[in-house]
Amino acid sequence: MASYFDNVTETPEFGTLAKLAENLVYRLPGCSDLMILKTLREVYRDFVRRSCCLRTTRRILLEEGVRMYPVEPVYGQEVDAIVDVRLDSPRRRAIEFEAVDGDAPCIVIPERFVPNGGDDEYILVTVDELPSLESDKAPKWFIQKHGHSVCDGVMARLAIMANKPWSDPQAAQQYRLSYENAVGAAYLSSLGGGQHGTPAHDDPAASELI
């Protein structure tokens, strides 16, 4: 299941990782803001990659004579993998495709699916996205739902460091366990009911979950 977008101009509402950093400063006395933010970006990306929680499906209009279509990210700054391509029809039949890497990943559909005119035809393309390590942007729904777990991941990485004012190996292990459990739960949620759980209204940009 994935968030459904009619086109990539439907963008979700974003927040920033800096809001999460504010919750970490007092828990990491002496740790620089730069180190906290850098670790936040790394943990956010790790959480997304392993949980597949930025999985989106976009509806693309097929054009007469065109086989190749770019796949732009919606949530993240990168397309990590093209998961599935289907015809937008009652049966939603899966079709084979070729993935082409580049600045913007593309898919190439078989010639027999290229329209020859007549009624509009669409395909549904599902991708897993990743945030950029250069950006502090994150969907607001993600921050609200998983922000606490990402902070646990940051604490697990930084509190394990030796001979620092914020060192706490015992607490780091507890944070690590909490983080790993959250990643696993988010992954199961992405398989069973969409990346932000069952309710569609968690993400204001998702018109429906498919």
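Note that the structure is predicted; figures quoted are calculated from it, not measured.

Neighbouring strands of a sheet are bound in pairs by backbone hydrogen bonds; such pairs are parallel or else antiparallel. Pairing is antiparallel in the open sheet, where three strands are placed in the order β4-β7-β6. Single-partner strands in this sheet number two, and they are β4 (68-70) and β6 (98-100). For this sheet the average axis-to-axis angle between neighbouring strands, irrespective of direction, equals 25°.

Glancing now at the pairing of strand β8 (residues 122-130). A large share of β8 lies buried, amounting to eight of its nine residues. As paired elements, strand β3 (residues 55-61) and β8 share seven bridges and run antiparallel to each other. Bridged to R58 within β8 is V125. The pairing of strand β5 (residues 78-87) with β8 spans eight bridges and is antiparallel. Paired with D84 across the two strands is T126, which belongs to β8.

The end-to-end C-alpha separation of helix α2 (residues 33-51) is 27 Å, in line with the 27 Å expected for 19 residues at 1.5 Å each. Once α2 ends, the next one or two residues include C52, with phi positive near 55°.

Quick look at the nonpolar core now. Counting 31 residues, the largest nonpolar core has L24, L28, I36, L40, F47 and F142 as the members making the most contacts within it. Looking at this core, the elements with two or more residues in it are α1 (18-22), α2, α3 (140-159) and α4 (169-193). Broken down by element, the residue count for this core peaks at eight residues, all from α3. Setting aside residues up to four positions removed in sequence, F47 forms contacts with C53, F142, H146, S149, V150, Y179, A182, V183 and A186. I60, V79, L87 and V127 belong to the second-largest nonpolar core, a separate cluster that totals 16 residues.

Below, the discussion takes up the packing of aromatic side chains. The full count for this structure, using the stated rule, is five aromatic pairs. Plain terms: the ring middles of F47 and F142 are 5.6 Å apart, the flat faces sit at 85° to each other, and that makes the pair edge-to-face. Pair noted here: F47 is in helix α2 and F142 is in helix α3, with a separation of 95 residues, a long-range link. Residues F47 and F142 agree in their burial class; the two are buried. With a centroid separation of 5.8 Å and an interplanar angle of 70°, the aromatic rings of Y75 and W141 are classed as edge-to-face. Residue Y75 is located in the loop between β4 and β5, and its partner W141 is located in helix α3; the two are separated by 66 residues in the primary sequence. For the pair shown, Y75 and W141 are each scored as buried. Through successive ring pairs, a cluster of aromatic residues spans Y44, F47, Y75, W141, F142 and Y179. We note K137 situated over the ring of F14; from NZ or CZ to the ring centre the distance is 4.4 Å.

Right, let's talk about the packing of α2 against α3 for a bit. At a minimum axis separation of 9 Å, α2 and α3 run at an interaxial angle of 115°. As for how α2 packs across α3, the hand of that crossing is right-handed. Contacts from M35, I36, T39, L40, E42, V43, Y44, D46, F47 and V48 in α2 reach F142, H146, S149, V150, G153, V154, R157 and L158 in α3. Here the contact of α2 with α3 is composed, by residue class, of eleven nonpolar, four polar and three charged.

So, how was this worked out
- Residues numbered from 1 in each chain as written.
- Predicted model: local features only at pLDDT ≥ 70, side-chain atom pairs only at ≥ 80, totals over all residues.
- Heavy atoms only, no water.
- Pairing = 2+ DSSP bridges.
- Helix = DSSP H or I, 4+ residues; strand = E, 2+ residues; numbered from the N terminus.
- Axes fitted to C-alpha atoms, helices over the stretch in contact; angles between N-to-C directions.
- Buried < 20%, exposed > 50% of the residue type's maximum accessible area, 1.4 Å probe, protein only.
- Expected span 1.5 Å × (residues − 1).
- Core = buried A, V, L, I, M, F, W, Y, C linked by side-chain atoms within 4.5 Å.
- Contact = heavy atoms within 4.5 Å.
- Phe/Tyr/Trp six-rings, centres within 6.5 Å; stacked < 30°, edge-to-face > 60°.
- Lys NZ or Arg CZ within 6 Å of the ring centre and 35° of its normal.
- Left-handed = near helix turned anticlockwise from the far one by under 90°.
- Nonpolar A, V, L, I, M, F, W, Y, C, P; charged D, E, K, R; others polar.

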